[in-house]
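Now for the letters of each chain:
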Amino acid sequence: PDDIRILGHDDIAAAQYYTPTLSTIRVPKYRLGYDSANELVTLIQDKNAPEKNVIYRPELIVRES
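Numbering of residues starts from 1 in each chain and follows the order in which that chain's sequence is written. Totals for whole chains, interfaces and linings use all residues, but because this is a predicted model, local features are given only for residues with pLDDT of at least 70 and pairs of side-chain atoms are given and counted only at 80 or more. As a rule here, side-chain values cover all heavy atoms of the structure and leave hydrogens and water aside.

**Here we look at the environment of N38**
Then, number 1: Relative to the assigned elements, N38 resides in helix α1 (residues 29-45).
Then, number 2: Taking the C-alpha atoms as reference points, N38 and A14, 24 residues apart in sequence, are found 29 Å from one another. Counting from the N terminus, the helices are DSSP H or I runs at least four residues long and the strands are E runs at least two residues long.

**Notes on the pairing of strand β2 (residues 23-26)**
Then, number 1: Across three bridges, strand β1 (residues 7-9) lies against β2 in parallel orientation. Residue pairing in the sheet places L7 in a bridge with S23 of β2.
Then, number 2: Direction of pairing for β2 relative to strand β3 (residues 59-61): antiparallel, over a ladder of three bridges. Considered in β3, the bridge of R26 is made with E59. In this description, strands pair whenever DSSP reports at least two bridges between them.

**A few points about the pattern of salt bridges**
Then, number 1: Any carboxyl oxygen of Asp or Glu within 4 Å of a side-chain nitrogen of Lys or Arg constitutes a salt bridge here. Taken as a whole, this structure holds five salt bridges when the rule is applied.
Then, number 2: A salt bridge links R31 to D35, with the nearest nitrogen and oxygen atoms 2.8 Å apart. In this pair, R31 and D35 both sit in helix α1, four residues apart, roughly one turn of the helix.
Then, number 3: Note on D35: relative accessible area 22%, which makes it partly exposed.
Then, number 4: Notably, a salt bridge pairs E39 with K52, separated by 3.8 Å at the nearest N-O pair. Think of it in three bands: residues with accessible area under 20% of the maximum for their type are buried, residues over 50% are exposed, and the middle band is partly exposed, with areas taken using a 1.4 Å probe on protein chains only.

Printed below as a string of structure tokens:
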């Protein structure tokens, strides 16, 4: 256990209840889904709409693992 670390992704609720608690990367899931759906609707309505690149800031949540 001292030689390996495990890191989760997207900070599921159960991660804080495992033993040891799981360190994770938190991404803004709601914002990512909302923006993706909004962009999809825009592209459906206007096939010539410019593509949009968005960068989301993940957050490292350090726990015991």
